[in-house]
Amino acid sequence: MPHCTPEDLALAALGEPLPDDAAHLAGCAACGAEVARLRRAVDALAVPELAASGPPVAPPPSLWAGIAAATGVRVAPRPGVVATSGPPAGPVPDVVPVAPPVPGAPPVPEEPVLHEPDEPIPPVAPVVPVVPLRPRRSRLALAAAAALVAGLAIGAGAVALGSRDDAGEPVAATVLDPLEGSDASGRAEVVERADGTRVLQVELTAGAPEEGYYEAWLLTESVSGLVPLGVVRAGTEEFELPAGLDLAEYPVVDVSVEPLDGDPAHSGVSIVRGQLS
C-alpha cells in the first residue's frame, strides 16, 4: 500500500480524520513519524482556528430572555430550571429586541407563563446580545493550513539537508525551461550523497503566484505518471528522493501552480519543465 500523500499527512497533523488512510497511518512507522513532526509545527504556530476547544462556559441568567425575544416564544422556565452563572462580561441593552413578523405567517398566539399559582412572576432580566457562532473551518482553510505546515516542514528539511558536510556527487541535471505563458526559469540537479541517498536540488526564478503555491514533481516522459516532491519557492530548494525511485522512469522535473483546494493531484498548470540527463 502506498504511503500517505504530503497533503494527507499535513491534514492528519491538523487533527482531521483520514478515512482512506487511517489503517495505513496506524500501522506505518514512517508516516506516523512524519505526522508527529508536522504536529510540532502546528503546535508552534498556535493558530486560533486550529486550537483545541476550551472548557464549556455556563450561560448568563438572561440568556433565555434573549432567546424568547428573538424567537417570539412567550413561555419562560421557572428560575430554578436555569443554571446560575456569573454576570455578562459587558453592558447589555435595556430594550428587548422584537423579531420582525414574517409576511404571510400566522400571528404567534399568546401562551400562558408556566408558574405555580401562588408563585410571584420573576422580573425579566436584560437581554444579552446574540453573538453569531464561528462557522466551521472550511476545507479551503484546512488546505491552506496544510500547505503552510507542509511548507514549513519542507523548509526545515531543506535547511537540514543544506547543512550536511557531504556535498555529494552530481549524477543528473537539467535546465528548467518556461512553458507557454510563463516567464519563470530555473535549473535542477540530482546529487547522490555518500550514504546512498539522493537529493533533487531545484533552483527556481519566478515571481510569487497570484493564487496558490508552487509544487515540484518528477514525471514520466509521457506525463502519464508522477511523483510529488513538495512545495517549492523562488530560490533554491532540496528534496530527498524516495529510496528505490528509478530516475530513468521519472526523468522529467516539473514545477506546477497548485490551488489551495485540498486536492493532492497535479493541477495541470506548469510553469517550468526539464528532462534530467
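Residues numbered from 1 in each chain as written. Predicted model: local features only at pLDDT ≥ 70, side-chain atom pairs only at ≥ 80, totals over all residues. Heavy atoms only, no water.

*Asks:* Give a detailed account of the nonpolar core, specifying residues and quantitative values.
*Replies:* Counting residues in each nonpolar core, the largest one holds 26 residues, and the members touching the most others are Leu-200, Leu-204, Tyr-214, Leu-218, Leu-229, Val-232 and Ile-271. Taken together, the elements giving at least two residues each to this core come down to strand E1 (169-178), strand E2 (185-192), strand E3 (198-205), strand E4 (213-219), strand E5 (226-232), strand E7 (252-258) and strand E8 (270-275). Filtering out sequence-adjacent residues up to four positions away, Val-232 remains in contact with Val-202, Leu-204, Tyr-214, Glu-215, Ala-216, Glu-237, Phe-239 and Val-255. (Core = buried A, V, L, I, M, F, W, Y, C linked by side-chain atoms within 4.5 Å. Buried < 20%, exposed > 50% of the residue type's maximum accessible area, 1.4 Å probe, protein only. Helix = DSSP H or I, 4+ residues; strand = E, 2+ residues; numbered from the N terminus. Contact = heavy atoms within 4.5 Å.)

*Asks:* Explain the pattern of salt bridges to me, and be specific about the residues and the numbers.
*Replies:* Within the structure shown, the criterion is met by five salt bridges. Note that Arg-273 and Asp-254 form a salt bridge whose closest N and O atoms lie 2.8 Å from each other. One end of the pair, Arg-273, is in strand E8; the other, Asp-254, is in strand E7, and 19 residues separate them in sequence. Of the residues examined, Arg-273 reaches a relative accessible area of 27% and is grouped as partly exposed. Look at Asp-254 and you get buried, because its relative accessible area is 0%. (Salt bridge = Lys/Arg side-chain N within 4 Å of Asp/Glu carboxyl O.)

*Asks:* Describe the sheet that holds E5, with residues and values.
*Replies:* One open sheet accounts for eight strands, arranged E5-E4-E7-E8-E1-E2-E3-E6; its pairing is antiparallel. Edge positions in the sheet fall to E5 and strand E6 (235-240), since each of these pairs with one other strand and no more. Put simply, the sheet's adjacent strands are angled 25° from each other on average, direction ignored. Examined bridge by bridge, E7 and E8 share five bridges and lie antiparallel to one another. Bridging across to E8, Val-252 finds its partner in Gln-275. (Pairing = 2+ DSSP bridges. Axes fitted to C-alpha atoms, helices over the stretch in contact; angles between N-to-C directions.)

*Asks:* So what's going on with helix H4 (residues 63-71)? Which residues, and what values?
*Replies:* Those residues of H4 lying buried are Ala-65, Gly-66, Ala-68 and Ala-69. In a view along the axis of H4, the buried residues occupy a sector of 165°, so they form one face of it. Gly-72 sits one or two positions beyond H4 and adopts a positive phi of about 85°. (Arc of directions from axis to C-beta.)

*Asks:* So what's going on with the pairing of E1? Residues and values would help.
*Replies:* Bridging between E1 and E2 involves seven bridges; their strand directions are antiparallel. Its bridge partner lying in E2, Glu-169 is registered against Glu-192. Count of turn residues in the E1/E2 antiparallel hairpin: six residues, of which Gly-181 carries a positive phi of about 85°. Examined bridge by bridge, E1 and E8 share two bridges and lie antiparallel to one another. Across the sheet, residue Asp-177 finds its bridge partner in E8, namely Arg-273.

*Asks:* Describe helix H1 (residues 6-13), with residues and values.
*Replies:* When you tally the buried positions in H1, you get seven out of eight residues, the bulk of the element. When H1 is considered as a whole, its buried residues turn out to be Glu-7, Asp-8, Leu-9, Ala-10, Leu-11, Ala-12 and Ala-13. At the exit of H1 stands Gly-15, carrying a positive phi of roughly 90°.

*Asks:* Now, about the confidence of the model for the protein: what can you tell me, with residues and values included?
*Replies:* For the protein, per-residue confidence averages 74 on the pLDDT scale, and 60% of positions sit at 70 or higher. Counted against residues more than four places away or in other chains, residues 83-90, with its pLDDT under 50, gives nine contacts. Overall, residues 156-165 carries pLDDT values under 50, and its contacts beyond four positions in sequence, including any with other chains, amount to 12 contacts. (pLDDT = per-residue confidence, 0-100.)

*Asks:* I'd like a rundown of the environment of Gln-201, residues and numbers included.
*Replies:* Examined against the element boundaries, Gln-201 turns out to sit in strand E3. A sequence separation of 12 residues divides Gln-201 from Glu-189, and the C-alpha atoms of the two residues are 5.2 Å apart. Once residues lying within four places of it in the same chain are set aside, the contact partners of Gln-201 are Arg-187, Ala-188, Glu-189, Val-191, Glu-237 and Glu-238. Separated by 2.9 Å, the side chains of Gln-201 and Glu-238 make a polar contact. (Polar contact = N/O pair within 3.5 Å; in protein donor to acceptor, adjacent residues only side chain to side chain.)

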